[in-house]
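# Remarks on the overall topology
For reference, the chains in residue letters:
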Amino acid sequence: MAKNNDELLKNVISHAKEYGFVFQSSEIYDGLSAVYDYGQLGAELKNNLKTYWWKAMVQMNENIVGIDSAIFMHPKIWKASGHVDGFNDPMIDNKDSKKRYRADQLLEDKIDSLIKEAINFARDETNKKYNVQIETEEQEWVGDDGRTVKKPYHEIIASIDLNNFYEISAVTSGPINGWFTHLLYYHDSFTKAVEANKIMNESLQSENLSALKDLIIDLNIICPVSKTSNWTDVRQFNLMFSTQFGAMADGADEIYLRPETAQGIFVNFLNVQKSGRMKIPFGIAQIGKAFRNEVIARQFIMRMREFEQMEMQFFVAPGTEMEWFAHWKQARLNWHLALGTSADKYHFHDHVKLAHYANAATDIEFEFPFGFKEVEGIHSRTDFDLSQHQQFSGKKMQYFDAEVDEATGKPKGNYIPYVIETSIGLDRMFLLTMINAFEEQDLSTDEKQDSRTLLRLHPALAPYKVAIFPLTKKDGLPDKAREIMDTLKYDFNCIYEEKDAIGKRYRRMDAVGTPFCVTVDHQTLEDNTVTIRHRDSMQQERVAIVDLQKIIGDLVSWKNLLG
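A brief report on the enclosed structure follows.

What counts and how
- Residues numbered from 1 in each chain as written.
- Predicted model: local features only at pLDDT ≥ 70, side-chain atom pairs only at ≥ 80, totals over all residues.
- Heavy atoms only, no water.
- Helix = DSSP H or I, 4+ residues; strand = E, 2+ residues; numbered from the N terminus.
- Buried < 20%, exposed > 50% of the residue type's maximum accessible area, 1.4 Å probe, protein only.
- Contact = heavy atoms within 4.5 Å.
- Axes fitted to C-alpha atoms, helices over the stretch in contact; angles between N-to-C directions.
- Parallel < 35°, antiparallel > 145°, perpendicular 65-115°, else oblique.
- Left-handed = near helix turned anticlockwise from the far one by under 90°.
- Nonpolar A, V, L, I, M, F, W, Y, C, P; charged D, E, K, R; others polar.
- Pairing = 2+ DSSP bridges.
- Core = buried A, V, L, I, M, F, W, Y, C linked by side-chain atoms within 4.5 Å.
- Expected span 1.5 Å × (residues − 1).
- Arc of directions from axis to C-beta.
- Phe/Tyr/Trp six-rings, centres within 6.5 Å; stacked < 30°, edge-to-face > 60°.
- Lys NZ or Arg CZ within 6 Å of the ring centre and 35° of its normal.
- Salt bridge = Lys/Arg side-chain N within 4 Å of Asp/Glu carboxyl O.

On to the overall build of the protein. Scanning the protein from N- to C-terminus turns up 20 helices and 25 strands. Dimensions of the protein, computed from C-alpha atoms along their principal axes, come out at roughly 80 × 75 × 60 Å. A total of 563 residues make up the protein; the buried ones form 49% of that total. Within the protein, contacts between residues separated by at least 24 positions form 64% of all contacts whose residues are at least 6 apart in sequence.

Let us look at the packing of helix α16 (residues 477-488) against helix α19 (residues 548-556). Direction vectors running N to C along α16 and α19 enclose 50 degrees, while the axes themselves pass 11 Å from each other. One element, α16, and the other, α19, form an angle in the oblique class. Taken as a pair, α16 and α19 cross one another with a handedness that is right-handed. Counting all contacts with α16, which are made through Ile484, Thr487 and Leu488, the residues of α19 involved are Leu548, Gln549 and Ile552. Taken together, the residues of the contact of α16 with α19 break down into four nonpolar, two polar and no charged.

Time to look at the sheet that holds strand β24 (residues 529-534). Strand order in the open sheet formed by five strands is β22-β21-β23-β24-β25, and the pairing between neighbours is mixed. Pairing within the sheet leaves two strands with one partner each, and these edge strands are β22 (494-496) and β25 (540-544). Direction aside, neighbouring strands of the sheet carry axes that sit 25 degrees apart on average. Sheet topology places strand β21 (residues 466-470) next to β22; three bridges connect them, and they run parallel. Residue Val466 lies in a different strand from β22, and its bridge partner there is Cys494. Sitting on the sheet, helix α17 (residues 502-512) touches β21, β22, β23 (516-520), β24 and β25, and the angle it makes with β21 is about 170 degrees. Along the sheet face, α19 touches β21, β23, β24 and β25 and points at about 15 degrees away from the line of β24.

This part takes up the nonpolar core. In this structure, Phe21, Trp53 and Phe430 are the most contacted members of the largest nonpolar core, which totals 68 residues. For Trp53, the residues in contact, after removing those within four places along its chain, are Ala285, Gln286, Ile287, Met310, Glu311, Met312, Arg332, Trp335 and Ile424. With 30 residues, the next largest nonpolar core counts Ile111, Ala193, Leu212 and Leu219 among its residues.

This next bit is on helix α9 (residues 188-206). Count 3.6 residues to each turn of an α-helix, and residues three or four apart come out pointing the same way. If you check α9, its first and last C-alpha atoms are 27 Å apart, about what 19 residues at 1.5 Å a residue would give, namely 27 Å. Within α9, burial applies to Ser189, Phe190, Ala193, Ala196, Asn197, Met200, Asn201 and Ser203. Along the long axis of α9, the arc covered by the buried residues comes to 160 degrees, so they all point the same way. Pointing more than 90 degrees away from the buried face of α9 are the exposed residues Asp188 and Gln205. Looking one or two residues past α9, Glu207 carries a phi angle of roughly 55 degrees, positive in sign.

To continue, consider the pairing of strand β14 (residues 360-368). Within β14, eight of the nine residues are buried, which leaves the element mostly enclosed by the surrounding structure. Bridge analysis of strand β13 (residues 346-350) against β14 gives five bridges, and the strand direction is antiparallel. For His347, the partnering residue across the bridge sits in β14 and is Glu365. Across nine bridges, β14 lies against strand β15 (residues 371-382) in antiparallel orientation. When the bridges of β15 are listed, Glu367 appears paired with Phe372. In this structure, the hairpin formed by β14 and β15 is closed by a connection of two residues.

A separate point is the packing of aromatic side chains. For the coordinates displayed, the defined rule picks out 21 aromatic pairs. Among the aromatic residues, those joined into a cluster by ring pairs are Phe266, Phe269, Phe282 and Phe315. Sitting above the plane of the Tyr506 ring, Arg533 keeps its charged end 4.5 Å from the centroid.

Attention now goes to the pattern of salt bridges. Within this structure, the stated rule accounts for 30 salt bridges. A salt bridge links Asp427 to Lys46, with the shortest nitrogen-to-oxygen separation between them at 3.9 Å. You can see Asp427 sitting in helix α15 (residues 426-437) and its partner Lys46 sitting in helix α2 (residues 40-59), a full 381 residues away along the chain. Both residues of the pair, Asp427 and Lys46, count as buried. Salt bridges sharing partners connect three or more residues here, namely Asp450, Arg452, Arg507, Asp510 and Arg533.

Structure follows, in structure tokens:
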């Protein structure tokens, strides 16, 4: 059984490979870093997640349509969007180990360690003074919604008023907590961390790369491999992949693999609006591949160089964007919760520092084994994108709104719409789903030891909806089982298995998340009934073959998620 979060993640990764969900790309050539292939069951689960999103976003909303734009696009698009000049990470190399790091992540790790040092000191001294045993859960914080969440220390101190924090905690929370806060607040390591965090954020905002290096030196940050501080200068590293577009390398145009799918929607705004006769407010949805040359890619499929996004850009009249931002913020959380995930596993992380084009932004974060991380972002992007493309292309990106303005009594006329974006990483959603569903159960009794590994997937998402088993390989049972499968496979993804004992077949289906197993036995030949076994409860019931279609269909229907 998984004893801790690290073990849980390792078990999920191992399970994903063993049962054909995710493989390391190019594995027989020792793999390709941060690139993964989806196996036979992973492709099915991934497609089901896409179907769920598409149905919820496009099919269930009359004013949202979907497109599929090209990966290759005109290079000026990325100039207009700001990716050519601003889509960078600050990188630094250690001259001795030849290892490359993100400068901001080196600093964040150091700041977190300084704060942890101060917290440990304050805890130990408080325990001694008051003869108590207070515990300080690492990186725990009470968020704005009152729920306890885990966040990196550098994010916590950047998002609160430290003076107000001291006044509340040290003065009004009682002597023990007050003493703890006093020791923490005035500890040298805490003071140093707060100042370093301020300098880091200001330097990142102003792109002052020399200041970042000076801070790394001042904090005595060393390379974890060489254990030296022999650093190069910090320089910007553009995350876009470039390639040559044309028949000959000489004279060919340099273009980029798209780093996001959103721009394909923006440049098709007028095409969709005019051809579909769409009226504001309306949305355009897209699922597609994106590519980022991440230097520091980690945590399995959480951060990859080739990944898939599910994005929807919702176009609204200026002045109504905050109302729609609130709407989509709640609607998208509801989409996640419909899968049966505990609400305690999710929280909103509202952005304190906004991108220059946004007037509101929040992340839906999920509690992964390595902490709360973003799964989906909801952003109010104002009219930035359409305005930029109007400027760089020379083509008007305006919408004529014939609706009468109540204040003037005249049509609202031409304007560039504002945009509310919802953007979810499909691969992250896949990992979330696997982690949330993975369970190791101890089924031991006094008589025998027993256990099973279970993927408690929502039936609508399961790769296989039903497994068909003949009890034995003889007496006509396989033929009858095949007959049943031939009837069901038009509506459900089925699997037929006759190898191994029936108990082993059940366990294998539990491990891949199959919600129902149908067993054909000798009684089936007499009365056309079968045993259907339910994955989660392991309960079995006898049903007529003619009822299987409805029983399974009702339980795996998308209506259970979308209704």
